[in-house]
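The residues making up each chain are set out below.
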Amino acid sequence: LDDARYRLLASGLFQNVTFTLKRGARRGSAVLLVNVVERNTVVIQDIVLGFSEITPFYGSLDIAERSLLGTGVQLSAAAVYSVDNQYGYRLRLQDDHFLNSPFSIHVEGLFAKARDFFGKDHVCVEGANEAESIEGQGCEASDYQKSVDYAVMRYRRAGGRLGTGYTLIGDLFFLLDYRFEVIAADVPRAGYHRS
């Protein structure tokens, strides 16, 4: 009984668990009463606020419902946003005991519209974005038309993950995932950085 109580507490769904034995209706029988106090299942998993030299201000929030409508199904959503029009989203659903079986399922979808930055100061690139460029700062080869603070690669990324799992013993699981993504990027054709 103690092991069962600790396993219920370890699930993270309950604040308190007590077991009580009562005399049964027939001689020699007993009734086990399990009393639980449910924990708040809405959890903020991650919160970030920051700034950098390249990105003026950004923030993210990841929030999860660990027992959707008391079913034990986990639903989480995350979002990140930057003031320079970069953003991303992720939605995840997980059921560790799908249809009361030892199998689990999990589904995840994500989307991001963002930029990556390469080099620092006077990066010479071909195909640089006009808004990012600073004209005439030492790009000697005529093929490299722009001198910029950073080479910028804009991209959009969308994808997801489908998976299942099987409970072997206790908290030991076997998981199988399939992940897929599509990425569209605006990559500078060539570039160099003089250091």
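What counts as what
Residues numbered from 1 in each chain as written. Predicted model: local features only at pLDDT ≥ 70, side-chain atom pairs only at ≥ 80, totals over all residues. Heavy atoms only, no water. Helix = DSSP H or I, 4+ residues; strand = E, 2+ residues; numbered from the N terminus. Pairing = 2+ DSSP bridges. Patch = residues over 30% accessible without salt bridge, like charges linked within 9 Å, V, L, I, M, F, W, Y side chains within 5 Å. Areas by Shrake-Rupley, 256 points an atom, 1.4 Å probe, with all protein chains shown as cover. Salt bridge = Lys/Arg side-chain N within 4 Å of Asp/Glu carboxyl O. Buried < 20%, exposed > 50% of the residue type's maximum accessible area, 1.4 Å probe, protein only. Phe/Tyr/Trp six-rings, centres within 6.5 Å; stacked < 30°, edge-to-face > 60°. Contact = heavy atoms within 4.5 Å. Axes fitted to C-alpha atoms, helices over the stretch in contact; angles between N-to-C directions. pLDDT = per-residue confidence, 0-100.

K.L.:
Mind showing me how you'd approach the overall build of the protein chain here?
P.N.:
The helix and strand inventory of the protein chain stands at one helix and 13 strands. The order of α-helices and β-strands along the protein chain, N terminus first, is α-β-β-β-β-β-β-β-β-β-β-β-β-β.

K.L.:
Sorry, what's going on with the pairing of strand S1 (residues 14-23) here?
P.N.:
Along any regular strand, the residues point their side chains to alternate faces of the sheet. Note: S1 against strand S2 (residues 30-38), nine bridges, orientation antiparallel. Its bridge partner being in S2, Phe14 is matched across the sheet by Glu38. In this antiparallel pair of consecutive strands, S1 and S2, the connection spans six residues, and Gly28 shows a positive phi of 85°.

K.L.:
Is there a simple way to think about a nonpolar patch on the surface in this case?
P.N.:
Taken together, the side chains of Leu75, Leu91, Leu93, Val107, Leu162, Tyr178 and Phe180 make up a nonpolar region of the molecular surface, amounting to roughly 620 Å² of accessible area. Those elements giving two or more residues to the nonpolar patch turn out to be strand S6 (86-95) and strand S12 (172-186). In this structure, Leu91 sits in strand S6.

K.L.:
Please explain the pattern of salt bridges as it appears in this structure.
P.N.:
Any two side chains of opposite charge can pair, on the condition that their charged atoms come close. Taken as a whole and judged by the stated rule, the model has seven salt bridges. Salt-bridge contacts for Arg90 lead to Asp62; the nearest nitrogen and oxygen are separated by 3.1 Å. Taken together, the residues Arg90 in strand S6 and Asp62 in strand S4 (residues 58-65) connect sequence positions 28 residues apart. For Asp62, a relative accessible area of 12% puts it in the buried group. Among the salt bridges present, the one from Arg157 reaches Glu181, with a minimum N-O distance of 2.8 Å. With Arg157 in strand S11 (residues 151-169) and Glu181 in strand S12, the pair connects residues that are 24 residues apart, well separated along the chain. A relative accessible area of 29% means that Arg157 is categorised as partly exposed. Residue Glu181 is classed as partly exposed on the basis of its relative accessible area, which comes to 32%. Salt bridges linked by common partners bring Arg92, Glu108, Arg161 and Asp177 together as one network.

K.L.:
Even after reading the chapter, I still don't get the packing of aromatic side chains, so can you show me in this structure?
P.N.:
The geometry of an aromatic ring pair is captured by the separation of the ring centres together with the interplanar angle, meaning the angle of the planes. Per the stated rule, a full pass over the model turns up four aromatic pairs. Both rings, one in Tyr87 and one in Tyr89, keep their centres 5.8 Å apart while their planes meet at 45°; by these two values the pair is tilted. The structure contains a cluster of three or more aromatic residues connected by ring pairs, namely Tyr87, Tyr89 and Phe111.

K.L.:
What should I look at first to understand the environment of His97 in this one?
P.N.:
The topology assignment puts His97 in the loop between S6 and strand S7 (103-118). Given a relative accessible area of 47%, His97 falls into the partly exposed group.

K.L.:
Just to check I follow, could you spell out the environment of Ala78 for this structure?
P.N.:
Inspection of the secondary structure puts Ala78 in strand S5 (residues 74-82). What makes Ala78 buried here is its relative accessible area of 17%. Each C-alpha atom of the pair Ala78 and Ile47 lies 9.5 Å from the other, and the pair is 31 residues apart in sequence. Ignoring sequence-local partners within four residues, the contact set of Ala78 consists of Leu61, Asp62, Gly88, Tyr89 and Arg90.

K.L.:
Would you mind going over the sheet that holds S11 with me for this structure?
P.N.:
Hydrogen bonds between backbone groups are what pair the strands of a sheet, and the pairing can be parallel or antiparallel. Pairing within the open sheet is antiparallel, and its seven strands lie in the order S3-S4-S5-S6-S7-S11-S12. Every other strand in the sheet has two partners, leaving strand S3 (42-50) and S12 as the edge strands with one partner each. Taken pair by pair, the neighbouring strands of this sheet meet at an average axis angle of 10°, ignoring direction.

K.L.:
I tried to follow the confidence of the model for the protein chain on my own but got confused; where do I start?
P.N.:
Interpreting fine coordinate detail is not advised for predicted regions of low pLDDT. The share of residues in the protein chain with pLDDT of 70 or more is 85%, and the mean pLDDT across the chain is 83. A low-confidence stretch, residues 130-138 (pLDDT under 50), is modelled with 17 contacts involving residues beyond four sequence positions or located in other chains.

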